[in-house]
Amino acid sequence: MNILFIMYDQLRFDYMGCAGHPHLKTPNFDRLAARGLRFTQAHVQSPICGASRMCFYTGRYASSHGAQWNGFPLRVGERTLGDHLRDAGMSCHLIGKTHMVADAEGMARLGLSPDSVIGARQAECGFDPVVRDDGLWGVGPAGAYDRKRSPYNDFLKSRGYPSDNPWADFANAGIVDGQMASGWFTANADKPANIREEDSETPWLTDRCLEFLDTARGPWCAHLSYIKPHWPYIVPAPYHALYGVEHVLPPVRSPAERDDPHPVFRAFMESEIARTFARDEVRAKVIPAYMGLIRQCDDQLGRILDRLDTTGESANTMIVLTSDHGDYLGDHWLGEKDLFHQQSVKVPLIIVDPRPAADGTRGTTCDALVESIDLAATFIETAGAEVPRHIVEGRSLLPFLHGETPETWREVTISEYDYSTTPMRKSLDVAIPDARLFMVFDGRWKLIHAEGGFRPMLFDLQSDPQEVQDRGADPGCAQQVARLRAHLHRWALRSAQRVTRSDAQIEAAQGPEGRVGILRHVFDPGDAPEDFTAAYRGPAPADYTGG
């Protein structure tokens, strides 16, 4: 078995044809859904790019691996997919984005050179990179957002685009009357990007994937990680014109959400991003471009599926499609991601297992509560290894794929958000250790706990599926708040840091008491079995008590 692990950046769970979007056509996403199992309740463990991805790659919660914000390094020695899969005899490759920052201080302390094999893997989140490009190459007064080299920019220069940063000047900008119309400005989202479509980011990365497939020798896991449909919201022709304002769905929001909201929710609604996306003219520009970017992603997926089918590799390749988080797009008066409404924390997840054991679930859906950390466990088991439960906190999804229902499954999903680096922390006057949010969701009730002395937020998705009525202060819901807080408390007491000894190793190390020669507080030889004390009885080899 090989594994093709496809991740789109900021793809909402409901912006696919197979998920019921009334206008957006995604025949290749749907093609995968028809071949596999679509999970309808998959949630990420943090709604921010870097933290979420580190959860996918480690199989651990954000507070377990510690890289809880973009730019926070993943500590040296943290085991990732590449480490687990290589131990099982499967290579592990990166094609695209990780948003991972290496623990340079930790590597230097241990003398690990980034140029060595082990050092490179530590710096690349455990992957052997085919190509890495994190896809945001902005430059401002303080310098570049990302100071690494961009392979995509190198490609554009080789194609003749005359710029030091063609990513910004061509791939993510239009042109009006000879002037650059940058995609950083949402007013330009309806313009075609000033680039040949085949040279834009998504086809470029697809080409790199096809090149990998031409030479790959299995078993392998390839993480194909696209930057789109993440902003800048601008897409080349013909995709810029496929959708218009008539295809923009009404925003999911209510004036009641602004009537005495929770202080944390208010702070995010008052952010510059949220104020932008609260404007109807912004949504009218951005959402058609977002849909065009998704349609381009879908078309490029078709190229990959066709190649796998043509070569026969579909028969021995597990294909996974997911996203690192969603996009509010103006819902709940918000933009971007950050909080825990379904638009942000719920993600698409389709898994195609080509083995006969999965035949009974093809083309169906599964409503089990799934977490992004479950993919690491699923991949390890697919590679034929035992999931190290003292390290990987997720659970394998193979039973669901094979039509089985586990005897026990999680009752809630958990997500975390450390907003200490954001302007919202300062506006709330919250200390850095308290700038943390936690979501507990049981499939109906969703509790959001905010440190710092705030009341909880609570939503009942059965009576209020759009999550516009916060019942956290409702005395009639106190029992639900207490119940979900108890789940959060139990989760917080988990053993997450004992990663060097498994339960089985601890059990084996104990053995029969005394058989390794350590006798603890035995008063007399007769108080222990004779064979336990044999080494400590009998004639003394010599007598030095007299000096």
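Use the structure listed above.
Residues numbered from 1 in each chain as written. Predicted model: local features only at pLDDT ≥ 70, side-chain atom pairs only at ≥ 80, totals over all residues. Heavy atoms only, no water.

Observations regarding the overall build of the protein chain
Phase 1 of the analysis: Helix and strand counts for the protein chain stand at 18 helices and 18 strands.
Phase 2 of the analysis: Computed over C-alpha atoms, the radius of gyration of the protein chain comes to 26 Å, within 12% of the 24 Å expected from 2.2 N^0.38 for 547 residues, which places it in the range of a compact globule.
Phase 3 of the analysis: Oriented by its inertia axes, the alpha-carbon framework of the protein chain measures out at about 105 × 60 × 55 Å.
Phase 4 of the analysis: The contacts in the protein chain between residues at least 6 apart in sequence include a share of 71% that link residues at least 24 apart.
Phase 5 of the analysis: When the accessible surface of the protein chain is totalled, it reaches about 23500 Å², and 52% of it is carbon and sulfur.
Phase 6 of the analysis: Of the charged side chains in the protein chain, 57 are positive and 74 negative, and the gap between their average positions amounts to 2 Å. (Helix = DSSP H or I, 4+ residues; strand = E, 2+ residues; numbered from the N terminus. Rg over C-alpha atoms; globule rule 2.2 N^0.38 Å. Contact = heavy atoms within 4.5 Å. Areas by Shrake-Rupley, 256 points an atom, 1.4 Å probe, with all protein chains shown as cover. Lys, Arg positive; Asp, Glu negative; His and termini not counted. Charge placed at Lys NZ, Arg CZ, Asp CG, Glu CD.)

Examining the pattern of salt bridges
Where charged atoms of side chains with opposite charge meet at close range, the side chains can pair.
Phase 1 of the analysis: Counted according to the given criterion, the structure contains 44 salt bridges.
Phase 2 of the analysis: With a closest N to O distance of 3.0 Å, Arg-132 and Glu-124 form a salt bridge. For the pair Arg-132 and Glu-124, one class covers both residues: buried.
Phase 3 of the analysis: For Glu-393, the salt bridge identified is with Arg-494, shortest N-O distance 2.8 Å. Of the two residues, Glu-393 is situated in the loop between α14 (374-382) and α15 (398-401) and Arg-494 in the loop between α17 (478-492) and α18 (503-510); the sequence distance between them amounts to 101 residues.
Phase 4 of the analysis: Its relative accessible area of 16% is what places Glu-393 among the buried residues.
Phase 5 of the analysis: Here Arg-494 falls in the partly exposed class, since its relative accessible area comes to 23%.
Phase 6 of the analysis: The network of salt bridges with common partners includes Glu-124, Arg-132, Asp-134, Asp-146 and Lys-148. (Salt bridge = Lys/Arg side-chain N within 4 Å of Asp/Glu carboxyl O. Buried < 20%, exposed > 50% of the residue type's maximum accessible area, 1.4 Å probe, protein only.)

As for the pairing of strand β18 (residues 457-460)
Phase 1 of the analysis: Across the two faces of β18 the burial is the same, with Met-457 and Phe-459 and Leu-458 and Asp-460 all buried.
Phase 2 of the analysis: Two strands pair when backbone bridges link them, and strand β17 (residues 445-450) and β18 are joined in this way by 4 bridges, in the antiparallel orientation. Bridge pairing links Lys-446 to Phe-459 in β18.
Phase 3 of the analysis: Where β17 hands over to β18, the hairpin turn is made up of 6 residues, of which Gly-452 adopts a positive phi near 95°. (Pairing = 2+ DSSP bridges.)

Topic: the sheet that holds β17
Phase 1 of the analysis: Spatially, 4 strands are ordered β15-β16-β17-β18 in an open sheet, and the strand pairing comes out antiparallel. Each end of this open sheet is capped by a strand with a single partner; those strands are β15 (413-418) and β18. Averaged over all neighbouring strand pairs, the angle between strand axes comes to 15°, with direction disregarded.
Phase 2 of the analysis: Pairing of strand β16 (residues 436-441) with β17 involves 5 bridges; the strand directions are antiparallel. Of the residues in β17, the one forming a bridge with Val-440 is Leu-447.
Phase 3 of the analysis: Running over the sheet, α17 touches β15, β16, β17 and β18 and is turned about 65° from β17. (Axes fitted to C-alpha atoms, helices over the stretch in contact; angles between N-to-C directions.)

Observations concerning the sheet that holds strand β13 (residues 364-366)
Phase 1 of the analysis: Sheet architecture is open: 8 strands sit in the order β5-β4-β10-β1-β11-β12-β2-β13, paired in mixed fashion. Either end of the sheet is taken by a strand with one partner, and the two such strands are β5 (128-132) and β13. Direction aside, neighbouring strands of the sheet carry axes that sit 15° apart on average.
Phase 2 of the analysis: Summarising the sheet, strand β2 (residues 37-39) and strand β12 (residues 349-352) pair through 3 bridges and their orientation is antiparallel. Within the sheet, the bridge partner assigned to Phe-39 lies in β12 and is Leu-349.
Phase 3 of the analysis: On top of the sheet, helix α1 (residues 27-35) reaches β1 (2-8), β11 (317-323) and β12; it is set at about 55° to β12, its chief contact.

Digging into the packing of aromatic side chains
Phase 1 of the analysis: Scanning all chains against the criterion turns up 22 aromatic pairs.
Phase 2 of the analysis: Clustering of aromatic rings is evident, with ring pairs tying together Tyr-15, Tyr-233, Phe-277 and Tyr-290.
Phase 3 of the analysis: Positioned above the aromatic ring of Trp-491, the side-chain terminus of Arg-494 is 4.0 Å from the ring centre. (Phe/Tyr/Trp six-rings, centres within 6.5 Å; stacked < 30°, edge-to-face > 60°. Lys NZ or Arg CZ within 6 Å of the ring centre and 35° of its normal.)

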